[in-house]
Amino acid sequence: MEGETFCLYDQQEKAFFIKPKEVVSVYGYNEDGNIIIYNENLDYIVDYDKGNIKRTYNSRIPNYRKHKVYYGNNGKFIFNSNPRNPELNVKYQIHVDYLYDIQPKEKENIADESYLISDNLKDKILNKKGINISIIGDSIAAGAQTTSQYYYDDGIKDSFSGYLKRSIETYYKCSVNINLAAKGGTDRGFLLSNINNIIQQKPDVAVIEFGMNDHVVTGSLNSDNINSFIQDIEYSVIQFKENNIDVIIVGFFQQNTEWDCENVDATIKYNNALKEISKRNGIYFADIYSLYNKVASIKNIYEDVTADYMHHPSDWGGKIYLTSIVPVFNVDGSIRPVDLQDYIYIG
């Protein structure tokens, strides 16, 4: 496992996603984006029998107890960008590389969903012709507060698009060019505004990642609003397909329910809408919501798997996205979890 993220309190234990056999490295980043290596027994202690990690009393690892979130009388927080509320997780988060015992199913082929992409795209990948992928989305697609974006203004490297690029290039030896058409705070209106320009670029694949912002607007569950969302996304899908561009739709996870704008019912309905659009149009849907719920049974999503305590995946959280997306690129049916560096076997 590479880079599982944690925020640690005092000397409280937190569970690894998978019980480790050996911790290889624990590290974080300073304000300049330089790596800080933490030392076992001096900065942290691993209980291998329990599969837990904790800070030592005099640890250099930032204490998440100091993380600031201000709540209203209703027990919810109101987002504010300056000063930021809630405070970002980035400066508190540690990354852990570790070895664990491979489960038998990790050596089996992952789901083969490649029937949902064109033979032309499969041919390009298998014959190493190189492919172009357009990622169209909001701040999640833009890699907001991932390590590479936060410190180095690179929204690709440590986000799901970077992991997808690395997976395809490593496994198939096929070059991948990522065109990132993503911007924080946007909704499907951004997709509609940019669709003609994206089509003119003639990508092989368009990855559509919207919904996190669309579902929190006032009246999002109003039938007119949800129907408008469906119509706009589906229109875009049809436009891409009519121009011989493969399409993938990426869902979204349950963002922090302590935010006063979050609507749990809308999260479910908008994800279901994306799923139905995908089904009607014979395209692949990456079910992020379901995978994150499985991870949430072991890890605290908002502390450990988001970079902002709200809805931006940490570096490791982006690997959950990769895990959900990559089955459609299993074009020869042979990919196994153990074959991909960034795939997280969730079971």
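For the structure, check the block above.
Residues numbered from 1 in each chain as written. Predicted model: local features only at pLDDT ≥ 70, side-chain atom pairs only at ≥ 80, totals over all residues. Heavy atoms only, no water.

1. Regarding the packing of helix α4 (residues 188-200) against helix α5 (residues 223-242)
Working step 1: Between α4 and α5, the least distance of the axes is 10 Å, while the angle of their chain directions is 10°. Classified by the angle their axes make, α4 and α5 are roughly parallel. Contacts between α4 and α5 pair Arg188, Leu191, Leu192, Ile195, Ile198 and Ile199 from the former with Asn225, Ser228, Phe229, Asp232, Ile233, Tyr235, Ser236, Gln239 and Phe240 from the latter.
Working step 2: Looking at side-chain class alone, the contact of α4 with α5 contains nine nonpolar, four polar and two charged residues. (Axes fitted to C-alpha atoms, helices over the stretch in contact; angles between N-to-C directions. Helix = DSSP H or I, 4+ residues; strand = E, 2+ residues; numbered from the N terminus. Parallel < 35°, antiparallel > 145°, perpendicular 65-115°, else oblique. Contact = heavy atoms within 4.5 Å. Nonpolar A, V, L, I, M, F, W, Y, C, P; charged D, E, K, R; others polar.)

2. Digging into the sheet that holds strand β3 (residues 22-29)
Working step 1: Read across the sheet, four strands follow the order β1-β9-β3-β4 without closing on themselves; strand pairing throughout is antiparallel. At either end of the open sheet lies a strand with only one pairing partner, and these are β1 (4-6) and β4 (35-38). Strand-to-strand twist in this sheet, taken as the mean axis angle between neighbours without regard to direction, amounts to 35°.
Working step 2: One ladder, built from four bridges, connects β3 with β4; its direction is antiparallel. Directly across from Val26, in β4, lies its bridge partner Tyr38. (Pairing = 2+ DSSP bridges.)

3. Observations regarding the sheet that holds strand β5 (residues 44-47)
Working step 1: What the three strands build is an open sheet, ordered β2-β6-β5; its pairing is antiparallel. At either margin of the open sheet sits one strand with a lone partner, and together these are β2 (14-15) and β5.

4. Here we look at the side chain of Asn85
Working step 1: Relative to the assigned elements, Asn85 resides in strand β8 (residues 84-85).
Working step 2: In terms of polar contacts, Asn85 uses its side chain to reach the backbone amide nitrogen of Tyr70, at 2.8 Å.
Working step 3: A distance of 3.1 Å separates a polar side-chain atom of Asn85 from the backbone oxygen of Ile78.
Working step 4: Apart from residues lying up to four places away in sequence, Asn85 is in contact with Lys68, Val69, Tyr70, Phe77, Ile78, Phe79 and Asn80. (Polar contact = N/O pair within 3.5 Å; in protein donor to acceptor, adjacent residues only side chain to side chain.)

5. Considerations on the packing of aromatic side chains
Working step 1: A full pass over the atoms with the stated rule returns 18 aromatic pairs.
Working step 2: Residues Tyr151 and Tyr152 carry aromatic rings whose centres are separated by 6.2 Å and whose planes lie at 50° to one another, so their mutual orientation is tilted.
Working step 3: Tyr152 gets classed as partly exposed once you look at its relative accessible area, which sits at 46%.
Working step 4: With 6.0 Å between their ring centres and 80° between their planes, Tyr292 and Tyr321 make a pair best called edge-to-face. Placement of the pair is Tyr292 in helix α7 (residues 288-296) and Tyr321 in helix α9 (residues 315-325), with a sequence separation of 29 residues. (Phe/Tyr/Trp six-rings, centres within 6.5 Å; stacked < 30°, edge-to-face > 60°. Buried < 20%, exposed > 50% of the residue type's maximum accessible area, 1.4 Å probe, protein only.)

6. Comments concerning helix α1 (residues 119-126)
Working step 1: What α1 keeps buried is the set Leu121, Lys122 and Ile125. Looking straight down α1, one finds its buried side chains confined to an arc of 100°; they lie on one side.
Working step 2: Contacts made by the buried residues of α1 are with β10 (131-137), α3 (160-172), β12 (205-209) and β13 (246-250).
Working step 3: Within two residues after α1, Lys128 carries a phi angle of roughly 55°, on the positive side. (Arc of directions from axis to C-beta.)

7. As for the pairing of strand β9 (residues 94-99)
Working step 1: Among the six residues in β9, five count as buried, and that is most of the element.
Working step 2: Bridge analysis of β1 against β9 gives three bridges, and the strand direction is antiparallel. Across the sheet, the residue bridging to Thr5 is His95, located in β9.
Working step 3: Here five bridges tie β3 to β9, and the two strands are oriented antiparallel to one another. Looking at β9, one finds that Ser25 is bridged to Asp97.

8. Some remarks on the pattern of salt bridges
Working step 1: Applying the stated criterion across every chain, the model contains 19 salt bridges.
Working step 2: The closest approach of N and O atoms between Asp304 and Lys14, which form a salt bridge, is 2.9 Å. Here Asp304, found in helix α8 (residues 301-305), pairs with Lys14, found in strand β2; they are 290 residues apart in sequence, far enough to count as distant. Across the pair, exposure class does not vary: Asp304 and Lys14 are buried alike.
Working step 3: Shared partners join several salt bridges into a network, and the residues in it are Lys14, Glu303 and Asp304. (Salt bridge = Lys/Arg side-chain N within 4 Å of Asp/Glu carboxyl O.)

9. Here's the deal with the side chain of Lys319
Working step 1: Tracing the backbone through its elements, the reader meets Lys319 in helix α9.
Working step 2: In this structure Lys319 comes out as buried when scored by relative accessible area, which is 7%.
Working step 3: Only 2.9 Å separates the side chain of Lys319 from the backbone oxygen of Glu2, close enough to count as a polar contact.
Working step 4: Other than its neighbours up to four places away in sequence, Lys319 contacts Glu2, Tyr163, Asp342 and Ile344.

10. Here's the deal with the environment of Asn30
Working step 1: Note on placement: Asn30 falls in the loop between β3 and β4.
Working step 2: Along the sequence, Asn30 and Lys91 sit 61 residues apart, while their C-alpha atoms lie 7.4 Å from each other.
Working step 3: Excluding its chain neighbours within four sequence positions, the residues that come into contact with Asn30 are Ile36 and Tyr151.
Working step 4: A distance of 2.9 Å separates a polar side-chain atom of Asn30 from the backbone nitrogen of Asp32.

11. A closer look at the environment of Asn85
Working step 1: Under the relative-accessibility criterion, Asn85 is labelled buried at 8%.
Working step 2: Through-space distance from the C-alpha of Asn85 to that of Tyr98 is 33 Å; in sequence the pair is 13 residues apart.

All quantities given are derived from atomic positions and should not be read as evidence of function.
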